[in-house]
Amino acid sequence: MFAEDPQLFTVYEPLWITSLWSREYPTEVSHRKRNVVDVLRGILGCKFADSQAGTKFLSYTDRQWSGAFVKNPFKSAAFCNGTCKDFSKNPEYVDEVCLSKFKHSVTKIGEPRVPDNLLSSVVPQVLEENPETDVRVIQLVRDPRGSFNSRIKLGWMEEYHHWHFPNTVRYQCSKLAQNIKFGRNLPSKWRVKYLEVHYQDLAKHPIETAKSLYEFAGFQMSPKILDWVRKNTSPSKEELLKEKENVFSSVRNSSANADYWTQEAPINRTRIIEENLLEENPETDVRVIQLVRDPRGSFNSRIKLGWMEEYHHWHFPNTVRYQCSKLAQNIKFGRNLPSKWRVKYLEVHYQDLAKHPIETAKSMYEFAGFQMSPKILDWVRKNTSPSKEELLKEKENVFSSVRNSSANADYWTQEAPINRTRIIEENCKEAFDLLKLETMITN
């Protein structure tokens, strides 16, 4: 998104280059932190000429330096008048263009390229050494189960049956926890410069989240960029098909992809991740709430949203068997946790949440150890028992939280074709037994 904005000097994953120096030149290892800080100073403050590392970095900008590559600003018309040169020979020119042709600078860095995988290793120094630059830090965090699923699919990480997988999970989750705590516990003088953003919010509410990112950064968001976000996160089927083979494409049905890992991740992998997440963070009171729903209702919703084929498709029974098998395994996993973790787990049924939203919401807050304010209680009440006018206003928004929840609890029974229900009931017997559900179709 930032790379598409012409007012922004956006450099994507520059620390691939500093990491390369550490691998190619052993003497650079001891200077790694200094190199990172200097390169970030060059990008954020348009001061490449101020350091040896900043100048050296420019000699690598004529090539693709990372796998998931976006636009290279050093090859844009702002820098290149017909021919792009070796900018390391004239870093002052780069600084001048950076300052005069762009309003702001942005860079995206990945934790694995930061020294020790810790933001605390460089962020304080960047903030301290650049008082004349209004540096802002946006930290994007994601459910480890989702991020590990993506890494495994890309071949960046071993699968769960590899002997080293639990160690990798423990290490990555430990670094994630440390980085989150670092951001949340910044000194008061830097607190206004930091924003924690959740991947779920970005995927499910891309427009709203993108606007909040721009507002936090102090950037002006143009209608063109807003339209780009809209088109790239809610594309047509034709656009999705065209980008299907590009694993790094920005074109995605983001709301559909938010929890897509739950359909792909093997239960044994998820179990290992969750066990090590709890083990690795004994000082954090992690609580797990598992929301389970009658498969007939959840399949009905997925089909309506176009996330799943209808019952007359030849593959439908296989999909149902697979999904219900995973549902049963997840329910059994939660119910059979070791005694030391049993108090950290709560199974919540969709029916209870829909039919008794106030009581169920209160019980979830109580379980989590949160204080429920009157404002949140009022939000639950208004969103689950809205007026006809409010319902009508949200009618076209399929992801709206405004619903007559008690009326919707069993609404699938009025919509689901009898043949679909029959196939589901025949292929979901274990899940039905675990949830104590009665079948509607009798042979």
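Computed from a predicted model, the values in this text were never measured in an experiment.

Looking only at helices and strands, one finds 26 helices and six strands in the protein. Taken along its principal axes, the extent of the C-alpha atoms in the protein is 80 × 50 × 45 Å. Taking the contacts inside the protein whose residues are at least 6 apart along the sequence as the reference set, 66% of them involve residues at least 24 apart. Total accessible area on the protein stands at roughly 25,000 Å², and carbon and sulfur atoms take up 53% of it. With 64 positive and 57 negative side-chain charges, the protein shows a separation of 0 Å between the mean positions of the two kinds.

In this section: the nonpolar core. Of all hydrophobic cores here, the largest spans 22 residues; its most connected members are Phe9, Phe48, Phe57, Phe74 and Phe79. Of all the secondary structure elements, the ones that give two or more residues to this core are strand E1 (8-12), helix H1 (15-24), helix H2 (32-45), helix H3 (52-58) and helix H4 (91-101). Contact partners of Phe74, with chain neighbours within four places excluded, come to Phe9, Val11, Phe48, Phe57, Leu58, Thr61, Trp65, Phe79, Cys80, Cys84, Phe87 and Val94. Core analysis: the next-biggest nonpolar cluster, separate from the first, contains 16 residues, Val36, Val122, Val135 and Tyr194 among them.

Let us now look at the packing of aromatic side chains. In this structure the tally under the stated criterion is 18 aromatic pairs. Arranged with centres 5.9 Å apart and planes meeting at 80°, the rings of Tyr365 and Phe370 form a pair that is edge-to-face. Every member of this aromatic cluster is reached through a ring pair, and the members are Phe9, Phe48, Phe57, Trp65, Phe74, Phe79, Phe87, Tyr93 and Phe102. Just above the ring of Trp21 sits the side chain of Lys56; from NZ or CZ to the centre is 4.5 Å. We note Arg293 situated over the ring of Tyr350; from NZ or CZ to the ring centre the distance is 4.0 Å.

Next up on the list: the pairing of strand E3 (residues 137-141). Of the two faces of E3, only the one carrying Val137, Gln139 and Val141 is buried; Ile138 and Leu140 on the other face are not. In the sheet, E3 pairs with strand E4 (residues 194-198) via five bridges, with the strands oriented parallel. Following the sheet pairing, Ile138 is matched in E4 by Leu195.

Within the UniProt annotation, "domain: Sulfotransferase" (unreviewed entry) is assigned to residues 129-234 and 279-386. With 60% helix and 9% strand, residues 129-234 has end C-alpha atoms that lie 41 Å from one another.

Time to look at the environment of Ser76. Here Ser76 is to be found in the loop between H3 and H4. Since its relative accessible area comes to 23%, Ser76 is described here as partly exposed. Between the C-alpha atoms of Ser76 and Pro6, which are 70 residues apart in sequence, the distance is 9.9 Å.

Here we come to the packing of helix H16 (residues 295-304) against helix H25 (residues 418-427). Between H16 and H25, the least distance of the axes is 10 Å, while the angle of their chain directions is 130°. One way to sum up the angle between H16 and H25 is to call them oblique. At the point where H16 passes H25, the crossing takes the right-handed sense. Residues Pro295, Arg296, Phe299, Asn300 and Ile303 of H16 form the contact with H25, whose participating residues are Arg420, Thr421, Ile424 and Glu425.

Attention shifts here to the environment of Pro206. Its place among the elements puts Pro206 in helix H10 (residues 206-217). Given a relative accessible area of 12%, Pro206 falls into the buried group. Taking the C-alpha atoms as reference, Pro206 lies 24 Å from Asn72; in sequence the two are 134 residues apart.

By the criterion of burial, H16 is predominantly enclosed, with seven of the 10 residues buried. Restricting attention to buried positions, one finds in H16 the residues Pro295, Arg296, Gly297, Ser298, Phe299, Asn300 and Ile303. If you follow the buried residues of H16, they end up packed against helix H17 (316-335), helix H24 (412-415), H25 and helix H26 (429-435). Directly after H16, the chain includes Gly306, whose backbone phi takes a positive value near 80°.

Joining two cysteines, a disulfide is a covalent bond between their sulfur atoms. One pass over the full model with this rule turns up two disulfides. Two residues, Cys46 and Cys98, share a disulfide whose sulfurs are 1.9 Å apart. Between Cys46 and Cys98, the S-S torsion sits near -60°, and that sign places the bridge as left-handed. Placement of Cys46 in the loop between H2 and H3 and of Cys98 in helix H4 is noted, with a sequence separation of 52 residues between them. By relative accessible area, which is 7% here, Cys46 ends up buried. Linked covalently through their sulfurs, Cys324 and Cys428 form a disulfide whose S-S length is 1.8 Å. Between Cys324 and Cys428 the disulfide shows an S-S torsion of about 65°. By sign, it is right-handed. With Cys324 in helix H17 and Cys428 in the loop between H25 and H26, the pair connects residues that are 104 residues apart, well separated along the chain.

Turning our eyes to something else, we now look at a nonpolar patch on the surface. Taken together, the side chains of Leu305, Trp307, Val398 and Phe399 present a nonpolar region at the surface, about 350 Å² in accessible area. With respect to the helices, strands and loops of the structure, Val398 is situated in the loop between helix H22 (388-393) and helix H23 (405-408).

Within the protein, residue pLDDT values average 89, and 97% of them lie at 70 or more. Looking at the elements of the protein, mean pLDDT is at its lowest for helix H13 (residues 254-257), recorded as 78, and at its highest for H26, recorded as 95.

Calculation rules
Residues numbered from 1 in each chain as written. Predicted model: local features only at pLDDT ≥ 70, side-chain atom pairs only at ≥ 80, totals over all residues. Heavy atoms only, no water. Helix = DSSP H or I, 4+ residues; strand = E, 2+ residues; numbered from the N terminus. Contact = heavy atoms within 4.5 Å. Areas by Shrake-Rupley, 256 points an atom, 1.4 Å probe, with all protein chains shown as cover. Lys, Arg positive; Asp, Glu negative; His and termini not counted. Charge placed at Lys NZ, Arg CZ, Asp CG, Glu CD. Core = buried A, V, L, I, M, F, W, Y, C linked by side-chain atoms within 4.5 Å. Buried < 20%, exposed > 50% of the residue type's maximum accessible area, 1.4 Å probe, protein only. Phe/Tyr/Trp six-rings, centres within 6.5 Å; stacked < 30°, edge-to-face > 60°. Lys NZ or Arg CZ within 6 Å of the ring centre and 35° of its normal. Pairing = 2+ DSSP bridges. UniProt positions renumbered as here; feature names shortened; annotations may be inferred. Axes fitted to C-alpha atoms, helices over the stretch in contact; angles between N-to-C directions. Parallel < 35°, antiparallel > 145°, perpendicular 65-115°, else oblique. Left-handed = near helix turned anticlockwise from the far one by under 90°. Disulfide = S-S within 2.5 Å. Patch = residues over 30% accessible without salt bridge, like charges linked within 9 Å, V, L, I, M, F, W, Y side chains within 5 Å. Salt bridge = Lys/Arg side-chain N within 4 Å of Asp/Glu carboxyl O. pLDDT = per-residue confidence, 0-100.

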